[in-house]
Amino acid sequence: MGLPKRRCPNCGDTEQHFRRLHDREQVFALSQATVRVHRADLHKFRRCTREGCVRVQSYFNWRLGFDLPEEFRAPARPPV
Ligand SMILES: [Zn+2]
């Protein structure tokens, strides 16, 4: 079972896997000003899982998105 693949403009417009936002990412999503995100729409926003990418965008519209700040730029997956 994989994550949905969506076009990521930060990854050279390649198809990447996107996952749901974690708590801290949701808090930032509500506070940033690039894209107006309503609390009820948080579940529609996903983050690119490619390592080093901080792109968050709507599951339904890859153009509707923003970048997380640098402190979120950590490895996407913890070591197994
Ligand atoms: Zn990406």
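Residues numbered from 1 in each chain as written. Predicted model: local features only at pLDDT ≥ 70, side-chain atom pairs only at ≥ 80, totals over all residues.

Peer 1: What is the right way to read the overall build of the chain from this model?
Peer 2: The helix and strand tally for the chain stands at 1 helix and 5 strands. Over its C-alpha trace the chain gives a radius of gyration of 12 Å, about what one expects of a compact globule, namely 12 Å for 80 residues. Projecting the C-alpha coordinates of the chain onto the three principal axes gives extents of approximately 30 × 25 × 25 Å. Sorting the 80 residues of the chain into buried and exposed places 18% on the buried side. Sequence separation of at least 24 residues holds for 47% of the intrachain contacts in the chain that already meet a minimum separation of 6. (Helix = DSSP H or I, 4+ residues; strand = E, 2+ residues; numbered from the N terminus. Rg over C-alpha atoms; globule rule 2.2 N^0.38 Å. Buried ≥ 20, exposed ≤ 12 C-beta atoms within 10 Å, placed from the backbone. Contact = placed C-beta atoms within 7 Å.)

Peer 1: Can you help me understand the confidence of the model for the chain in this one?
Peer 2: Low pLDDT means the predicted atomic positions in that stretch should not be read closely. For the chain, the average pLDDT comes to 92, and 91% of its residues sit at 70 or higher. Across the chain, the secondary-structure element scoring lowest on mean pLDDT is strand β1 (residues 5-8), at 96, and the one scoring highest is strand β4 (residues 55-58), at 98. (pLDDT = per-residue confidence, 0-100.)

Peer 1: When you look at the pairing of strand β3 (residues 45-48) in this model, what are you seeing that I'm missing?
Peer 2: As a general feature of sheets, a regular strand has side chains that alternate between the two faces. Note: strand β2 (residues 14-20) against β3, 3 bridges, orientation antiparallel. Its bridge partner being in β3, R19 is matched across the sheet by R47. As paired elements, β3 and β4 share 3 bridges and run antiparallel to each other. Within the sheet, the bridge partner assigned to R47 lies in β4 and is V56. Connecting the antiparallel pair β3 and β4 is a turn made up of 6 residues, with G52 showing a positive phi of about 90 degrees. (Pairing = 2+ DSSP bridges.)

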